[in-house]
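What follows is each chain in one-letter form.
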Amino acid sequence: MKARLLPLIKKEFIQIFRTKPMLGFIFVAPVIQTLLMGYAVTTEVTRLPTIICDEEHSRYSRELIQILRQTEYFDVVELTSEYPRVRWALDEGTAAVGIIVPPDLTRQLRTGLSPAIQVVLDGSNSNTAMVALGYLQRIAAGYARQLGVEYTNDFVTYRTASPPVTPTPAPRVWYNPNFVNAYFMVPAIIGLILAFSTMILTAISIVREREVGTLEQLMVSPLKSYQIMLGKIIPFALLGFVEISIVLVLGKFYFQIPMRGSFALLFFVSLLMLLTTLGLGLFVSTVTQTQQQSMFMAWFILIFTILMSGFFFPIENMPSWLQRLSYLDPLRYYIFCLRGIFLKGAGIRDLLPQIGALALYGVGIISFASLRFQKRMK
Amino acid sequence: MISNIWTMARKEIIHIRRDPRSIALLFLLPLIMMMLYGYAINMDLKDVRIGVLDQDHAWASREVTRHLQGSDFFRIHRYYDSREAVRDAIQRGVIRAAVIFPADFTLKIGRNQSPDLQLLIDGSDANTGKIVEAGLLQVVTTTRYGPAPSPVLFRLEPRVWYNPEMKGVNFIVPGLIAVFLMMIATILTSITIAREKETGTMIQLRLSPAKPLHIILGKVLPYTFLAFLVGTLMLLFALVYYRVPFQGSAFLLAGLGIAYLLAALSIGLLASTIARTQQVAMAAGLLGTLLPSIILSGFIFPLRSMPRILQWISYIIPAKYFLEIIRGIMLKGVGIQHLWTQVVALLIFAAVLIFISTVRFRRQFKI
């Protein structure tokens with residue numbers, strides 16, 4: 001059997017490496033993707049372009065601007081005294097926040113009228129708007145406290161009880177104390193790359209052989225159908241492992257991600273994940289007829305696996321019907337395992353439910369898909 | 001010239017019609033995806049599972065716990081009775097954070113001393129961890145442990161424009177249209193020329209009187225139309241199912257949408273002229289558009305928080321411009337005077353890529 005399988009695998013490798021761009025996908029793309037993920041994926045909102053409309057130019061507005069400028073959250077891009085400029089800037093998108101200081105701020109403050117400072121937020125980015133409002137409220141409260149202390153000695157009088165005690169919180173952040181983004185993203189990228197290269201490439205390469213007619217040639221050869229299948233799958237599995245290694249090396253030496261768990265466990269779960277992605281690729285090839293169809297299907301599955309896995313966004317945020325749907329996503333289990341192994345040093349005992357689910361998924365999908373594949377071969 | 005382009009387009013239409021299952025997938029899959037991901041992509045954390053270890057069992061610790069319970073942000077998953085149990089739960093990812101009250105918590109508050117309070121946070125998810133830490137600190141420090149007058153010196157009066165209820169779907173769904181259209185358009189065109197090379201029909205094309213540019217334009221046109229239909233369908237879905245407001249002009253969006261489609265299709269076209277097989281062309285097209293248009297476009301992740309170099313790269317991502325266009329027209333209701341730079345950028349992008357494709361194609365043509 002080996003003697004028959006080996007030439008088939010060799011043929012597949014020749015086919016893969018004959019095209020130069022393919023080498024790029026396999027060796028260069030993971031590097032670029034890892035760098036991109038390591039640096040770009042942040043949900044932190046900083047340097048919000050802010051326009052300030054201030055007619056009075058009082059000491060208070062100057063102080064407020066000063067405070068805003070000191071934080072990294074706001075970037076004062078324009079100072080104006082005309083209100084319509086605010087509208088223009090937000091329409092144009094050059095500012096996301098507008099702060100409108102009332103023209104008689106000083107008078108109102110001095111007479112204790114508690115003036116309102118208007119804050120305009122660009123809600124078309126709801127996320128940014130919400131975060132910006134939170135920042136502003138905190139900054140305003142701080143400034144009010146600062147002014148309050150001064151005002152007690154000055155002209156506004158009010159009762160002050162002894163300041164209330166508050167506990168001293170001592171936050172301890174485990175696993176990633178400095179909240180380094182790359183620590184979190186890079187393990188996940190392994191999952192993404194596996195899903196991308198193994199699933200899509202397997203699916204298309206099988207459908208292609210069918211389209212061109214070379215699959216029929218293989219069928220009339222003395223090869224058994226499972227051998228043909230293995231010959232298609234094994235090369236991509238090997239490539240998958242090469243890609244994992246590339247990302248691992250990059251993560252370890254470039255991003256210096258701590259690897260607290262065991263490599264053996266990492267490779268074991270990766271093997272399970274490979275079974276799943278190869279199985280999905282095989283499955284796609286059995287339900288499609290042209291390369292374009294299989295690309296559409298693979299694309300659909302790929303987006304599903306990325307977006308429902310908790311890769312970018314925690315699954316807890318989703319509505320419950322989508323949370324249930326996310327159990328169908330193999331990447332969900334795999335990423336959970338990877339992050340656990342890398343950062344928490346999680347062992348097999350901690351990850352048992354996830355590993356179990358992934359094993360079930362992998363074995364299930366690959367047997368189902370290979371049954372379908374063999375049926376179609378006949 | 002027109003007739004050459006038209007003949008080419010007709011030939012391509014025959015190809016498209018010959019594969020009705022692709023067409024079915026082309027219209028069906030985006031709709032399913034729109035339905036799933038409008039709600040799945042949600043940036044506001046809610047119901048974060050936390051654990052509590054209360055060694056105090058007195059009013060002050062209960063007061064803090066009550067506040068934690070009362071916030072939308074946290075959900076107390078369990079009360080633990082030992083540090084080991086807490087540690088284990090965080091290790092297994094059951095809870096994201098834990099609050100540990102020392103035994104003398106209430107006692108110290110009664111004596112007007114500031115008691116220690118330990119917060120354990122799982123930092124492995126950096127983004128979420130940061131938000132969880134800030135949330136916990138806020139609850140702990142704003143809980144009232146006694147009477148506290150707060151003078152109101154001035155107020156903030158927030159007004160949210162364009163999306164007053166700050167609905168996440170209004171932000172996400174137009175973005176989905178932009179991102180999905182990009183990938184669909186690339187998959188569609190990336191095979192066109194590669195298929196001719198793979199099946200050997202390039203020679204026949206060479207014998208035809210059509211010029212390379214005509215062939216390219218003839219190939220792009222039908223797919224522009226097809227992608228435009230898919231885009232319209234997605235837009236209707238967004239309006240009907242998600243009830244995303246549409247403030248601006250539909251004609252303007254249609255016009256600028258075509259500019260975006262040209263840019264998107266030209267990426268597929270370029271991939272097609274470079275690759276020798278459909279497989280490579282499609283993989284290259286998807287690889288070149290999938291992550292960049294999700295990550296570097298401002299779709300979800302704020303570009304301004306990224307390193308400078310990535311911000312520069314984002315200027316060559318067509319999805320970035322169309323996101324500004326579609327959100328601008330749908331949510332802000334702005335007109336062309338605010339969007340012309342984006343359109344110009346898209347058109348330049350498309351022109352450059354089509355030019356490179358034509359040059360490459362002509363070179364392959366001559367051999």
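Just so we're clear, the structure is a prediction, and the values are computed from it rather than from any experiment.

1. Section: the overall build of chain A
- Scanning chain A for helices and strands turns up 14 helices and five strands.
- Relative to its length of 378 residues, chain A is extended, with a C-alpha radius of gyration of 29 Å against a globular reference of 21 Å.
- Along the longest, intermediate and shortest principal axes, the C-alpha atoms of chain A span 100 × 45 × 40 Å.
- Counting only residues that meet the buried cut, chain A has 59% of its 378 residues in that class.
- Contacts in chain A between residues at least 24 apart in sequence constitute 79% of all its contacts with a sequence separation of at least 6.
- For chain A, the exposed surface amounts to about 15,700 Å²; the carbon and sulfur share of it is 62%.
- Of the charged side chains in chain A, 33 are positive and 23 negative, and the gap between their average positions amounts to 19 Å.

2. Side note on the confidence of the model for chain B
- Per-residue confidence for chain B averages 87 on the pLDDT scale, and 96% of its residues sit at or above 70.
- Per-residue pLDDT, averaged within each element of chain B, yields its smallest value for helix α8 (residues 202-207) of chain B (76) and its largest for helix α13 (residues 318-332) of chain B (94).

3. Overview of the domain arrangement of chain B
- Looking at chain B, the domain boundaries give domain 1 (2-41 + 167-366) and domain 2 (48-142).
- Between the C-alpha centres of domain 1 of chain B and domain 2 of chain B there is a distance of 49 Å.

4. Comments concerning the environment of A:Gln323
Residue and element names in this part refer to chain A.
- Checked against the element boundaries, Gln323 lands in helix α12 (residues 320-325).
- The partly exposed category is assigned to Gln323, whose relative accessible area is 26%.
- Sequence-wise, Gln323 and Ser309 are 14 residues apart; in three dimensions their C-alpha atoms are separated by 9.8 Å.
- Discounting chain neighbours no more than four positions away, the residues touching Gln323 are Ile315, Glu316, Met318 and Arg332.

5. Considering the nonpolar core
- Ranked by internal contacts, the top residues of the largest apolar core, which has 199 residues, are A:Trp299, A:Phe312, B:Tyr37 and B:Ile295.
- When residues of this core are sorted by domain, at least three fall in each of domain 1 (2-41 + 167-366) and domain 2 (48-142) of chain B.
- When sequence neighbours within four positions are dropped, the list of residues in contact with A:Trp299 reads B:Met33, B:Phe180, B:Met183, B:Ile184, B:Ile187, B:Leu286 and B:Leu290.

6. Quick look at the pairing of strand β2 (residues 74-80) of chain A
Residue and element names in this part refer to chain A.
- Of the pairings in the sheet, the one linking strand β1 (residues 48-54) to β2 comprises six bridges and is parallel in character. By the bridge assignment, Leu48 is partnered in β2 with Phe74.
- Of the crossover connections in this fold, the one passing from β1 over helix α3 (residues 59-70) to the parallel β2 is right-handed.

7. Focus on α3(A)
Residue and element names in this part refer to chain A.
- Its twelve residues place the ends of α3 17 Å apart at the C-alpha level, agreeing with the 16 Å of an ideal helix rising 1.5 Å per residue.
- All buried positions along α3 are accounted for by Tyr60, Ser61, Leu64, Ile65, Ile67 and Leu68. Buried residues along α3 cover an arc of 160 degrees about the axis, so they all sit on one side. In α3, the exposed positions angled more than 90 degrees off the buried face are occupied by Arg62 and Gln70.

8. Details of the packing of helix α10 (residues 263-287) of chain A against helix α13 (residues 330-344) of chain A
All names here are of chain A.
- The N-to-C vectors of α10 and α13 enclose an angle of 165 degrees; their axes lie 10 Å apart at closest approach. With respect to each other, α10 and α13 are oriented roughly antiparallel. The element α10 and its partner α13 pack so that their crossing is left-handed. Residue-level inspection shows Leu265, Leu266, Val269, Ser270, Met273, Thr276 and Leu280 of α10 in contact with α13, the latter providing Pro330, Leu331, Tyr334, Cys337, Leu338, Ile341 and Phe342.
- Split by residue class, the contact of α10 with α13 holds twelve nonpolar, two polar and no charged.

9. Focus: the side chain of A:Ser126
- Within the secondary structure, A:Ser126 sits in helix α6 (residues 126-153).
- The buried category is assigned to A:Ser126, whose relative accessible area is 3%.

10. Observations concerning the pairing of strand β2 (residues 74-80) of chain B
All names here are of chain B.
- Sheet topology places strand β1 (residues 48-54) next to β2; six bridges connect them, and they run parallel. Opposite Gly51, over in β2, you have Arg78 as the bridge partner.
- A crossover links β1 with its parallel partner β2, the connecting element being helix α3 (residues 59-70), and its sense is right-handed.

11. Examining the interface of chain B and chain A
- At the interface, 108 residues of chain B touch 116 residues of chain A.
- Taking both partners together, chain B and chain A bury about 11,200 Å²; carbon and sulfur atoms supply 66% of that area.
- At the surface where chain B touches chain A, the tally comes to three salt bridges.
- Of the charged contacts, one joins A:Arg349 and B:Asp88 as a salt bridge, the two residues approaching to 3.3 Å between their closest N and O atoms.
- Remark: the boundary between chain B and chain A carries 28 residue pairs in polar contact (both at pLDDT 80 or more).
- Looking at the side of chain B that touches chain A, its residues break down into 64 nonpolar, 23 polar and 21 charged.

12. Side note on the packing of helix α2 (residues 20-40) of chain A against helix α7 (residues 181-212) of chain A
Residues and elements named next belong to chain A.
- At a closest axis distance of 8 Å, the pairing of α2 and α7 adopts a crossing angle of 155 degrees. In terms of their interaxial angle, α2 and α7 are classed as roughly antiparallel. In this structure, α2 crosses over α7, and the sense of that crossing is right-handed. Touching Met22, Pro30, Gln33, Thr34, Met37 and Gly38 of α2 are Asn181, Ala182, Met185, Val186, Ile189, Leu192, Ile193 and Leu201, all from α7.
- Per-class residue counts for the contact of α2 with α7 are ten nonpolar, four polar and no charged.

Reading the values: rules and limits
Residues numbered from 1 in each chain as written. Chains lettered and ligands numbered in written order. Predicted model: local features only at pLDDT ≥ 70, side-chain atom pairs only at ≥ 80, totals over all residues. Heavy atoms only, no water. Helix = DSSP H or I, 4+ residues; strand = E, 2+ residues; numbered from the N terminus. Rg over C-alpha atoms; globule rule 2.2 N^0.38 Å. Buried < 20%, exposed > 50% of the residue type's maximum accessible area, 1.4 Å probe, protein only. Contact = heavy atoms within 4.5 Å. Areas by Shrake-Rupley, 256 points an atom, 1.4 Å probe, with all protein chains shown as cover. Lys, Arg positive; Asp, Glu negative; His and termini not counted. Charge placed at Lys NZ, Arg CZ, Asp CG, Glu CD. pLDDT = per-residue confidence, 0-100. Domains from an automatic or database assignment. Core = buried A, V, L, I, M, F, W, Y, C linked by side-chain atoms within 4.5 Å. Pairing = 2+ DSSP bridges. Right-handed = clockwise from strand over helix to strand, strands pointing away. Expected span 1.5 Å × (residues − 1). Arc of directions from axis to C-beta. Axes fitted to C-alpha atoms, helices over the stretch in contact; angles between N-to-C directions. Parallel < 35°, antiparallel > 145°, perpendicular 65-115°, else oblique. Left-handed = near helix turned anticlockwise from the far one by under 90°. Nonpolar A, V, L, I, M, F, W, Y, C, P; charged D, E, K, R; others polar. Buried area = accessible area lost by both parts, 1.4 Å probe. Salt bridge = Lys/Arg side-chain N within 4 Å of Asp/Glu carboxyl O. Polar contact = N/O pair within 3.5 Å; in protein donor to acceptor, adjacent residues only side chain to side chain.

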